[in-house]
Amino acid sequence: MATKIQRALVIQPGVIRLEPDELPSPAPDEVLLRTTKTLISPGTERAIMLNLPGLAVQYPKSVGYSHVGEVIRVGAEARSLKIGDRVASKSRHASHALVKEGLCHQLAPDLDDEQASFFQLLATSLQAVRKTRLELGEATAALGAGLVGQLALQVARVAGAMPVVAIDNHQGRLKLAYELGADEIVSAENMAKGTTTLAGRFPVVVEATGNPAALKAACDITAFGGRIALLGSSRGATESFDFYKRVHKKGITLIGAHIDTAARPSSAPGWWTLRDEQHTAINLLQSKRVRVAPLISHRFHWSEIAAAYDLLAEWNLDALGMIIDWS
């Protein structure tokens, strides 16, 4: 067995490297994993890479939180996992990971590692939709058809939203959303020009762009008394925003839907714990009720991770699911 591991570190804004480290040994309640796949989270990891507004990053900074690996060592008190088990966890981009046994999710044999690596981003989108208290038959729009927007659209559809509408400027992303079950696709550019009118149409809107200016458009398309889940992590302030006109007068509810707002310590209706959301996400993937294979746009060997981050920094809109292969 190797005695060294490789881990990805953002050394300073715009610079990522693979750094060697010692192979750790598990504590009694931990397991050691050999990584097979990790998935890049585009919004968060690009913000860390470029030190975008809204963060207080201390460099060097480890990155990643969508990890699949195989158990190669178990601590003395580990009971539910054994050597050879495949698990998903919120571990970093690295060749190995040390994780508390209770934070791992064991994977069924028929869920492959690439698709399983989407579990955390799917859980992130899932909890946002859940917090809207979406009811069967409510029209739902995702503003932004990037990775979390695509996942949120599928979750809304599973939850009974009708119709489900994707809004974006990128035709490739809109086409993919339609292929994955969106009932309608709308050009954000046409909406802004007024050639497509969606004003007040949606009881539920998921804002998934992370663009501070998008909140205005989200409010415009939300119905009287509707709910907006702020799923995209905005980098910067929304300027010249008239809360009285856009929110107060329409009775709109704005929902902070960051994954860190998951319930603690136990789930309640509309507000579930992170572990329960992750477990549900894995079940949705395994049952194929949510499809992620078409969302994989790029695959990189672990030695090419700098190239993956270069693509991320460019904000190439053709890039969606970017898999790092550690096998």
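Remember, it's a predicted structure, so these values are computed and weren't measured experimentally. (Residues numbered from 1 in each chain as written. Predicted model: local features only at pLDDT ≥ 70, side-chain atom pairs only at ≥ 80, totals over all residues. Heavy atoms only, no water.)

Visitor: So what's going on with the overall build of the protein chain? Which residues, and what values?
Guide: On a plain count of helices and strands, the protein chain comes out with 10 helices and 16 strands. Computed over C-alpha atoms, the radius of gyration of the protein chain comes to 20 Å, within 12% of the 20 Å expected from 2.2 N^0.38 for 327 residues, which places it in the range of a compact globule. Each of the three principal axes of the protein chain carries a C-alpha extent, and together these read 60 × 40 × 35 Å. Only carbon and sulfur atoms are counted for the fraction: they give 52% of the accessible area of the protein chain, which is about 14700 Å². (Helix = DSSP H or I, 4+ residues; strand = E, 2+ residues; numbered from the N terminus. Rg over C-alpha atoms; globule rule 2.2 N^0.38 Å. Areas by Shrake-Rupley, 256 points an atom, 1.4 Å probe, with all protein chains shown as cover.)

Visitor: Quick one: what's the story with the pattern of salt bridges, residue by residue and with numbers?
Guide: Counted according to the given criterion, the structure contains 13 salt bridges. Of the charged contacts in the structure, one is a salt bridge between Glu70 and Arg34, with a shortest N-O distance of 3.4 Å. Within this pair, whereas Glu70 is found in strand β5 (residues 67-74), its partner Arg34 is found in strand β3 (residues 30-39), the two being separated by 36 residues in sequence. Looking at Glu70, the relative accessible area reads 26%, which means it is partly exposed. Given the relative accessible area of 37%, Arg34 is considered partly exposed. (Salt bridge = Lys/Arg side-chain N within 4 Å of Asp/Glu carboxyl O. Buried < 20%, exposed > 50% of the residue type's maximum accessible area, 1.4 Å probe, protein only.)

Visitor: Can you tell me about the packing of helix α1 (residues 42-50) against helix α10 (residues 305-314), naming the residues and giving the values?
Guide: Interaxial distance between α1 and α10 falls to 9 Å at its minimum, and their mutual angle equals 95°. When the interaxial angle is binned, α1 and α10 end up roughly perpendicular. In contact with Pro42, Glu45, Arg46, Met49 and Leu50 of α1, α10 contributes Tyr309, Leu312 and Ala313. Residues belonging to the contact of α1 with α10 are distributed by class as follows: 6 nonpolar, no polar and 2 charged. (Axes fitted to C-alpha atoms, helices over the stretch in contact; angles between N-to-C directions. Parallel < 35°, antiparallel > 145°, perpendicular 65-115°, else oblique. Contact = heavy atoms within 4.5 Å. Nonpolar A, V, L, I, M, F, W, Y, C, P; charged D, E, K, R; others polar.)

Visitor: Residues and numbers for the sheet that holds strand β2 (residues 15-22), please.
Guide: Sheet architecture is open: 3 strands sit in the order β2-β1-β4, paired in antiparallel fashion. With partners counted over all chains shown, the strands left at the sheet margins are β2 and β4 (61-62), one partner each. In the sheet, strand β1 (residues 4-12) pairs with β2 via 8 bridges, with the strands oriented antiparallel. Each residue of the ladder has a partner; that of Gln12, found in β2, is Val15. Sheet contacts for α1: β1, β2 and β4; angle to β1, the most-contacted strand, approximately 65°. (Pairing = 2+ DSSP bridges.)

Visitor: Give me the lowdown on the packing of helix α3 (residues 119-131) against helix α9 (residues 274-286), citing residues and values where you can.
Guide: At a minimum axis distance of 8 Å, the contact between α3 and α9 shows a crossing angle of 110°. Between α3 and α9, the interaxial angle falls into the category roughly perpendicular. Of the two elements, α3 crosses α9, and the hand of that crossing is right-handed. Counted together, Phe119, Gln120, Leu122, Ala123, Leu126, Gln127 and Arg130 of α3 and Leu274, Glu277, Gln278, Thr280, Ala281, Ile282, Leu284 and Leu285 of α9 form the full contact between these two elements. (Left-handed = near helix turned anticlockwise from the far one by under 90°.)

Visitor: Can you break down the pairing of strand β6 (residues 86-89) residue by residue, with the values?
Guide: Relative to β6, β5 runs antiparallel, the two being bridged by 4 bridges. In the strand pairing of β6, Gly69 is matched with Val87. As paired strands, β6 and strand β8 (residues 105-106) are joined by 2 bridges and run antiparallel to one another. When the bridges of β8 are listed, Val87 appears paired with Gln106.

Visitor: Could you give an account of the pairing of strand β13 (residues 222-230), naming the residues involved and the relevant values?
Guide: Relative to β13, strand β12 (residues 202-207) runs parallel, the two sharing 5 bridges. Residue pairing across strands places Phe202 opposite Thr222, the latter belonging to β13. For the segment spanning β12, helix α7 (residues 214-221) and β13, crossover handedness is right-handed. With 4 bridges joining them, β13 and strand β14 (residues 253-256) adopt parallel strand pairing. (Right-handed = clockwise from strand over helix to strand, strands pointing away.)

Visitor: Quick rundown of helix α4 (residues 147-158)? Include the residues and the values.
Guide: Working note: α-helix, 3.6 residues per turn, so residues spaced by three or four point in the same direction. With 12 residues, α4 extends 17 Å between its outermost C-alpha atoms, agreeing within 8% with the 16 Å of an ideal straight helix rising 1.5 Å per residue. Counting buried positions over the 12 residues of α4 gives 10, a clear majority of the element. Along α4, the residues that are buried comprise Leu147, Val148, Gly149, Gln150, Leu151, Ala152, Leu153, Gln154, Val155 and Ala156. Following α4 by one or two positions, Gly160 adopts a phi angle in the positive range, close to 105°. (Expected span 1.5 Å × (residues − 1).)

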